[in-house]
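Fold and geometry: a report
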Amino acid sequence: MNALIPVQPIRYRQFVSIIAAQFVVFFPHVFHLPVLFSVLAFITLMGLWLMARRRKIFHSQPPKFYQYITVTAGLAIILVTYRTLIGVDAGVAFLALCLLGKLLELKQRRDSYIALTLSLFVVASLFLFEQSIFNAAMALLAILAIFYALLQQNINPDLLYHHSAQLKTNIP
């Protein structure tokens, strides 16, 4: 690791905001992606949320075999459903699978930035299927959830506590 860039672990509240945003991101895609893929995404997100909730602190990622199984199952679902990896439908499903894979290997804050940026692309891919008011509303809701999660990544509770303590001492 580069000595100039300190390791910034993901805190529990930040991780929960990321997972909550992903539920909002994946919801509109349920209508366009294969049912098995949607079930796989839901199980993966629920597993990550339950893992973090049980520990009450996010300090490590799930075992690697879980990531391998998820990605392999997702690729198999895409290949069986679309019979190719080329095309709009298969490409959007593969992009969503890449997002799931990245969520399974979140370790540091920079990984969360990558996952949330990838989430914005998944939201934008929603408009490749249809442009309706419902899709626009769901995309707006997903973008707001992603921005909230990005905002949570930039909040450092240690600094907030330090600054609030300084404010309390300076008030007459």
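As the structure is a computational prediction, the values presented were derived from the model and not from experiment.

**Topic: helix α1 (residues 12-26)**
- With 15 residues, α1 should cover 21 Å at 1.5 Å per step; its first-to-last C-alpha distance of 21 Å lies within 8% of that length.
- Among all positions in α1, only Gln14, Phe15, Ser17, Ile18, Ile19, Ala21, Gln22, Val25 and Phe26 are buried.

**Examining helix α3 (residues 64-82)**
- Over its 19 residues, α3 extends 27 Å from the first C-alpha to the last, a length consistent with the 27 Å expected when each residue adds 1.5 Å.
- Inspection of α3 places Gln67, Thr70, Gly74, Ile77 and Ile78 among the buried residues, and these make up the whole buried set. For α3, the buried positions fall inside an angular range of 100° around the axis, keeping them on one side. Exposed and facing more than 90 degrees away from the buried side of α3 are Phe65, Tyr68, Ile69, Thr72 and Val80.
- Directly after α3, the chain includes arginine 83, whose backbone phi takes a positive value near 60°.

**Overview of the pattern of salt bridges**
- Taken as a whole, this structure holds two salt bridges when the rule is applied.
- Salt-bridge contacts for glutamate 105 lead to lysine 102; the nearest nitrogen and oxygen are separated by 3.3 Å.
- For lysine 102, a relative accessible area of 14% corresponds to the buried category.
- Lysine 102 serves as the salt-bridge partner of aspartate 111, at 3.4 Å between the closest nitrogen and oxygen. Each of the two residues, aspartate 111 as well as lysine 102, counts as buried.
- Several salt bridges share partner residues, and in doing so they unite Lys102, Glu105 and Asp111 into one network.

**Examining the nonpolar core**
- Grouped together as the largest cluster of nonpolar side chains are 39 residues, with contacts concentrated most on Phe37 and Leu103.
- Among the elements of the structure, α1, α2 (35-55), α3, α4 (88-103), α5 (109-124) and α6 (133-153) are those that each provide at least two residues to this core.
- Here this core gets eight residues from one element, more than from any other, and that element is α4.
- Look past the residues within four positions of phenylalanine 37 in its chain and what remains in contact with it is Gly74, Ile77, Ile78, Ala93, Ala96, Leu97 and Leu100.

**Details of the side chain of serine 125**
- Along the chain, the position of serine 125 falls in the loop between α5 and α6.
- With relative accessibility at 6%, the residue serine 125 sits in the buried group.
- Within the local environment of serine 125, its side chain forms a polar contact with the backbone oxygen of valine 122, the two atoms lying 2.6 Å apart.
- Excluding residues that lie within four positions of it along the chain, serine 125 makes contacts with His29, Val92 and Leu95.

**Regarding a nonpolar patch on the surface**
- Together, Phe27, Val30, Phe31 and Phe134 make up an exposed nonpolar region whose accessible area comes to about 390 Å².
- The topology assignment puts valine 30 in the loop between α1 and α2.

**Some words on the packing of α1 against α5**
- Between α1 and α5, the least distance of the axes is 11 Å, while the angle of their chain directions is 15°. The orientation of α1 with respect to α5, classified from their angle, is roughly parallel. Relative to α5, α1 is oriented so that their crossing is left-handed. Residues Gln14, Ile18, Gln22 and Val25 of α1 lie in contact with α5, whose contacting residues are Arg109, Ser112, Leu116, Ser119, Val122 and Val123.
- Split by residue class, the contact of α1 with α5 holds five nonpolar, four polar and one charged.

What counts, and where the lines are drawn
- Residues numbered from 1 in each chain as written.
- Predicted model: local features only at pLDDT ≥ 70, side-chain atom pairs only at ≥ 80, totals over all residues.
- Heavy atoms only, no water.
- Helix = DSSP H or I, 4+ residues; strand = E, 2+ residues; numbered from the N terminus.
- Expected span 1.5 Å × (residues − 1).
- Buried < 20%, exposed > 50% of the residue type's maximum accessible area, 1.4 Å probe, protein only.
- Arc of directions from axis to C-beta.
- Salt bridge = Lys/Arg side-chain N within 4 Å of Asp/Glu carboxyl O.
- Core = buried A, V, L, I, M, F, W, Y, C linked by side-chain atoms within 4.5 Å.
- Contact = heavy atoms within 4.5 Å.
- Polar contact = N/O pair within 3.5 Å; in protein donor to acceptor, adjacent residues only side chain to side chain.
- Patch = residues over 30% accessible without salt bridge, like charges linked within 9 Å, V, L, I, M, F, W, Y side chains within 5 Å.
- Areas by Shrake-Rupley, 256 points an atom, 1.4 Å probe, with all protein chains shown as cover.
- Axes fitted to C-alpha atoms, helices over the stretch in contact; angles between N-to-C directions.
- Parallel < 35°, antiparallel > 145°, perpendicular 65-115°, else oblique.
- Left-handed = near helix turned anticlockwise from the far one by under 90°.
- Nonpolar A, V, L, I, M, F, W, Y, C, P; charged D, E, K, R; others polar.

That is the geometry; function is a separate question.
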